[in-house]
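Residue-level listing of the chains:
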Amino acid sequence: MAISVCVFQTDYYFEYTECDSTGSRWRVAIPHRQGSCSGLPEPVRGTDCTFSCEAGEFLEMSSQQCTSCAAGSYSLGSGVRFDQWDSIPAGFSSLATYMDSGGSGDDSMTCNNSSWTAQGTHLESNRDDCTVALVYAVHLMKQGSVSFDYQYVDSNIFFEFFIQNDQCQEMDQTGSEKWIKLTTNGEWGTHMVNLKSGTNILYWRTTGMLLGGKPVKPVLLKNIQIEGVAYTSECFPCRPGTFSKTPGSSSCDLCPRNTYSGKGASSCTPCSKTQYSQEGWSQCKERPPCSEKDYFQTHTACDSDGKTQILYRWVEPQVCLENVTGSVTLPPSGEKEDCPPCNPGFYMHNSSTCLPCPQGTYSDGTTECQRCPGGTEPSLGYEYKWWNILPRNMKTSCFNVGNSKCDEMNGWEVAGDHIRSGVGGSDNDYLILNLRVPGFKLPTSVDDASATEFGRITFIFETNCSADCELYFMIDVNRKSTNVVESWVGSKLRQAYTHIMTKNASVSYTWAFQRTNKASDVRQYVNDIAKIYSIMVTNAMDGSASGCHACAMMSQRDGSSCVPCPAGHFINKDTNQCQECPPNTFLSGHHIYGQEACQPCGPGSQSNKEHSVCFNDCSFSHMEQNRTLTYDLSALSSVGSIMNGPSFTSKGTKYYHQFNISLCGAEGRKVAMCTDNVTDLSSKDLQNESADLNNFVETFVCQSTIIPADGRGFRTSLSSQSISLADTFLGERMVFIISDLFPESSWKDPDINFFYRSPQPTASCLNGRSTVVTLRCNAEKSARGELTVPSKCPAGTCNGCEFHFLWESSSACPLCTETDYHSIEGACKGGVQDTLYVWNEPKFCTKGVPLPNKTSAHCEVVSLWVKAGIGGGAFMAVLLVCLTCYFWKKNKRLEYKYSRLVMSANKDCELPAADSCALAEGEGEENEDDVVYSNTPSLLGKLKAIAINLNCNIILKYYFFYCIDQIN
């Protein structure tokens, strides 16, 4: 069978070969089916490898010439753009970090269902706490770039963009290129990074942190554009809902409202009268009958007669039909009423217009402007409590991430005594209200250098919702980045919120209200509203005055001007002159009028020279049982840290809570710092971080959430969600009561409590947060000691508002005194006696008085007392011997008398007469030595004598004792 000759565009196509080492390539013809035809054109030298066409053109391969794109299509020339997200385009993939279910089979506990999803106009990241990466690989023939639009509003998500080469090695990137900055609610940011030639693997990676159970707001991506591809051989057709009406277009335009288009359209087709469409729709929908959700209430501006009235208007653009069965009509307008008065600081002009009072004057809004009396000056600021028109320094807008149908609408509407959220174009619109303050101006008498409060904003609000509405309050300082200060979810009763500015800067306050974050073409929550009743800003630079406050005068003469007071001075009410605050007091942030402005420092604290703050110098004294206990806590003055955990999210992400504690600060300067950016925890020099990324809080006690480097495959540890737990030092106090949060101490010294407070209210802590750091003496610990949290509350708090820490250290023991040691005297050796000094055991003190050195003193071998004792003993011994001899001799005499008495008795035991019981005195003594016993008896005589003597002895003894008794 003969092979036919190849015909271009039906049988073959052109393609370039790979570039060689010289940067050259060849154009070759390739049949659509191998061997289907013959006679292919010969290869020819192609264009240079770096050649590319301009935007709006493509390379026509047969002529190798750049040709303009036809109407209904577009081209980027050397780039490629992804702006249609009905599905994830070819080449993109979504990769979750943890895909192993661990055999449980429960996908809710794994990341199997977590991925980036296409939402038509944009891509949306996962809403859980999994780590999911969107990956795209591209090969560049020359250096190029990648740019994309994004919306990143939730700091509970880590969002990073990084690039790898074909060896899976991460390219060098700065922190600002890798870590994406937060955007304001409803606004899109643009991020661009340069790319090198060769293979580039692009990663958009998010990691959610569901620590409080509140779902995260996803990251949104759109308009991904890559520059640096070699060429494009064809133009891309416009996606449905867009068109390009002229050849050579580099982009397609959205179809206007009430029109539609299909793919590759050069124009848009109008909808019929009974149908409608929003901007960029690919088809029309039938118009529904009008209902109560299709109109809203508004107030007219004051007319020349000072009157206003309530009007009802259809939501624009109106999509409902009025004259059909089941539709409703607009309610009639209300009666005309008197306009509300002007706001304080303004006066009525021409019965319909409120103008600010001239400089140096004030008004409460109902009277003409007046000059402040002598000794006073105007209190500048904003005080908006009547809402007939929007103030000149406020603006309102509406924004939706998926469409632009509310771009021309007012996000908020004035309503007399309040301003309320507008209707918007859909339920997931962001309704935005903005107040711009160019800066703050402190009263004349307040010293700028020592001021701790430059201004404050207070607003009263409420929300009434049937769904998951949310009201955000955000701040943008010096037009750098907008940060969410606080948010409220669901219905909230009328309440006030205050935020204090601690530095002088231009600031933009923003309120954003969203009825629901779920997109829908059907309006369900149009009646969910947010109301703001009043907004008050103090010390606003361009503000007007609603009243006057006292100022310091140079003298008491009339006409004397206001003068600034030195730091730490208040205004004496009697003299209106500056006077220094008493020692150990600090000036309140609101005013300096009267001595009551000087507030006393807490126990154990003192004020700095400027009387701007109270602090502790890391020392403490306490009187106990007539003994002064002194503590030196300087070893604890540097910042202490504790990281508790680990804890795990429902998806297994490991995280820690790190607390940094500056016990004493530096003369009131808070030195504990927690970063709210991505940083390596091993880096101690936080100031060297990028200024854009270096978002941090500096305070006495702060908390950060840390994801370790191994938590989700990050190369460095991540730190975020930094909050201040202690802005103000309240004082320190000795505590004897045992707290049930910490185990009882085995040491006898009482604990010392340092009290701190952060007055900034939050949605969960209406009175702010408080912190107690308990110092406990433990001589077995080092000087720096060890920080712990209560075992009952491992996160440092049991209710989220009160935080407790225990710092055990030897430095928390009192300084040693002379009562903490005793002496031990040694034996006298060689006339010398040593005295040693030892600490009382157990030892409950540290540092302070040192132990005295060993002392030696002269001594005698036998002391005086010993000698006296020996002498006294010898005397008593002699006396005892003498008495013994005396009584012995006395006894001998009695025995002799008794013997004579026995011998003088007759053999029949006859006793002498009673009057001669005894011998005469001296009788027998002379012949005492003449007594002789003779005539030795026989044995029978002895026995007889024994018997006689036994009886006689008994009788004689009784008689003898009788005689003795008579003699006595």
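Residues numbered from 1 in each chain as written. Predicted model: local features only at pLDDT ≥ 70, side-chain atom pairs only at ≥ 80, totals over all residues. Heavy atoms only, no water.

1. Points about the overall build of the protein chain
Next up, step 1: Each helix and strand in the protein chain was counted, giving three helices and 65 strands.
Next up, step 2: Of all 968 residues assigned to the protein chain, the portion counted as buried reaches 44%.
Next up, step 3: Within the structure as shown, the protein chain displays about 50,200 Å² of accessible surface, and the carbon and sulfur contribution to it stands at 51%. (Helix = DSSP H or I, 4+ residues; strand = E, 2+ residues; numbered from the N terminus. Buried < 20%, exposed > 50% of the residue type's maximum accessible area, 1.4 Å probe, protein only. Areas by Shrake-Rupley, 256 points an atom, 1.4 Å probe, with all protein chains shown as cover.)

2. What to know about the sheet that holds strand β65 (residues 855-858)
Next up, step 1: What the three strands build is an open sheet, ordered β63-β64-β65; its pairing is antiparallel. This sheet does not close on itself; its edge strands, each paired only once, are β63 (821-825) and β65. Between one strand axis and the next, the sheet turns by 25 degrees as a mean value, whatever way the strands run.
Next up, step 2: With five bridges connecting them, β63 and strand β64 (residues 832-839) associate as antiparallel partners. Among the inter-strand pairings, H822 is bridged to a residue of β64, identified as V838. (Pairing = 2+ DSSP bridges. Axes fitted to C-alpha atoms, helices over the stretch in contact; angles between N-to-C directions.)

3. With respect to the nonpolar core
Next up, step 1: Formed by 39 residues in total, the largest nonpolar core has its most connected members in W412, L435, Y509, W511 and I535.
Next up, step 2: Setting aside its immediate chain neighbours within four residues, L435 contacts Y382, Y384, N393, M394, I457, V507, S508, Y509, W511, I535 and V537.
Next up, step 3: In this structure, F82, F92, V193 and V216 belong to the second largest nonpolar core, which totals 34 residues. (Core = buried A, V, L, I, M, F, W, Y, C linked by side-chain atoms within 4.5 Å. Contact = heavy atoms within 4.5 Å.)

4. Brief notes about the state of the cysteines
Next up, step 1: Tallied over the entire structure, the rule returns 21 disulfides.
Next up, step 2: Each sulfur in the disulfide pair C357 and C369 lies 2.0 Å from the other. Because the torsion about its S-S bond is -80 degrees, the bridge between C357 and C369 counts as left-handed. Highlighted residues: C357 in the loop between β29 (353-356) and β30 (361-362) and C369 in the loop between β30 and β31 (370-371), separated in sequence by 12 residues.
Next up, step 3: With a sulfur-sulfur separation of 1.9 Å, C465 is cross-linked through a disulfide to C469. A torsion of 90 degrees about the S-S bond marks the disulfide between C465 and C469 as right-handed. For the residue pair C465 and C469, the accessibility class agrees, reading buried in each case. (Disulfide = S-S within 2.5 Å.)

5. Concerning the pattern of salt bridges
Next up, step 1: Per the counting criterion, the structure on display carries 11 salt bridges.
Next up, step 2: Across the pair R127 and E124 runs a salt bridge, and its minimum N-O distance is 3.2 Å.
Next up, step 3: On the accessibility criterion, E124 (13% relative accessible area) is buried.
Next up, step 4: Here the residues in one salt-bridge network are E160, K178 and R205, joined through shared partners. (Salt bridge = Lys/Arg side-chain N within 4 Å of Asp/Glu carboxyl O.)

6. A few points about a positive patch on the surface
Next up, step 1: Taken together, the side chains of K889, K890, R893 and K897 define a basic patch exposed on the protein surface.
Next up, step 2: In this fold, K890 is placed in helix α2 (residues 864-904). (Patch = residues over 30% accessible without salt bridge, like charges linked within 9 Å, V, L, I, M, F, W, Y side chains within 5 Å. Lys, Arg positive; Asp, Glu negative; His and termini not counted. Charge placed at Lys NZ, Arg CZ, Asp CG, Glu CD.)

7. As for the environment of V772
Next up, step 1: As for its position among the elements, V772 is in strand β60 (residues 769-777).
Next up, step 2: Assessed through its relative accessible area of 13%, V772 is described here as buried.
Next up, step 3: With residues near it in sequence (within four places) discarded, V772 still touches N753, F754, F755, F803, H804 and F805.

8. Brief notes about the sheet that holds strand β13 (residues 157-164)
Next up, step 1: Pairing is antiparallel across the open sheet formed by four strands, whose spatial order is β8-β11-β15-β13. In this open sheet, the two edge strands, each paired with only one partner strand, are β8 (92-96) and β13. Strand after strand, the sheet turns through a mean of 20 degrees between neighbouring axes, direction not considered.
Next up, step 2: When β13 meets strand β15 (residues 198-208), the two strands line up antiparallel, connected through eight bridges. Considered in β15, the bridge of I157 is made with G208.

9. Things to note about the side chain of H418
Next up, step 1: Position of H418 among the secondary structure elements: in the loop between β34 (412-414) and β35 (419-421).
Next up, step 2: A distance of 2.8 Å separates the side chain of H418 from the side chain of D417, its partner in a polar contact.
Next up, step 3: H418 has contacts with W387, K531, I532 and Y533, leaving out every residue within four places of it along the chain. (Polar contact = N/O pair within 3.5 Å; in protein donor to acceptor, adjacent residues only side chain to side chain.)

10. What about the side chain of K531?
Next up, step 1: Along the polypeptide, K531 turns up in strand β42 (residues 529-538).
Next up, step 2: Not counting residues within four places of it along the chain, the set of residues in contact with K531 comprises H418, I419, R420, I460, F461 and E462.

11. Some remarks on unusual backbone geometry
Next up, step 1: Unlike most non-glycine residues, N223 shows phi in positive territory, near 50 degrees.
Next up, step 2: Structurally, N223 can be placed in strand β16 (residues 220-227).
Next up, step 3: With a relative accessible area of 30%, N223 lands in the partly exposed category.
Next up, step 4: You will see that C618, though not glycine, has its phi angle at about 60 degrees, which is positive.
Next up, step 5: For C618, a relative accessible area of 4% corresponds to the buried category.

12. Digging into the packing of aromatic side chains
Next up, step 1: The final tally for this structure, using the stated rule, is 38 aromatic pairs.
Next up, step 2: A ring pair is formed by Y12 and F14, whose centres lie 5.6 Å apart and whose planes are at 85 degrees; its orientation type is edge-to-face. Here the two residues Y12 and F14 agree in accessibility, since each one is buried.
Next up, step 3: Measuring from ring centre to ring centre gives 5.7 Å for Y276 and W281, while their planes differ by 45 degrees; the resulting arrangement is tilted.
Next up, step 4: On the accessibility criterion, Y276 (9% relative accessible area) is buried.
Next up, step 5: Residue classification places W281 among the buried residues on the basis of a relative accessible area of 18%.
Next up, step 6: An aromatic cluster of at least three residues, connected via ring pairs, comprises F82, W85, F92, Y136, F148, Y150, Y152, F159, F161 and W204.
Next up, step 7: In this structure, R27 is placed above the aromatic ring of F14, and the distance from its NZ or CZ to the ring centre is 3.8 Å. (Phe/Tyr/Trp six-rings, centres within 6.5 Å; stacked < 30°, edge-to-face > 60°. Lys NZ or Arg CZ within 6 Å of the ring centre and 35° of its normal.)

From the geometry alone we can't say anything about function, so treat these as descriptive.
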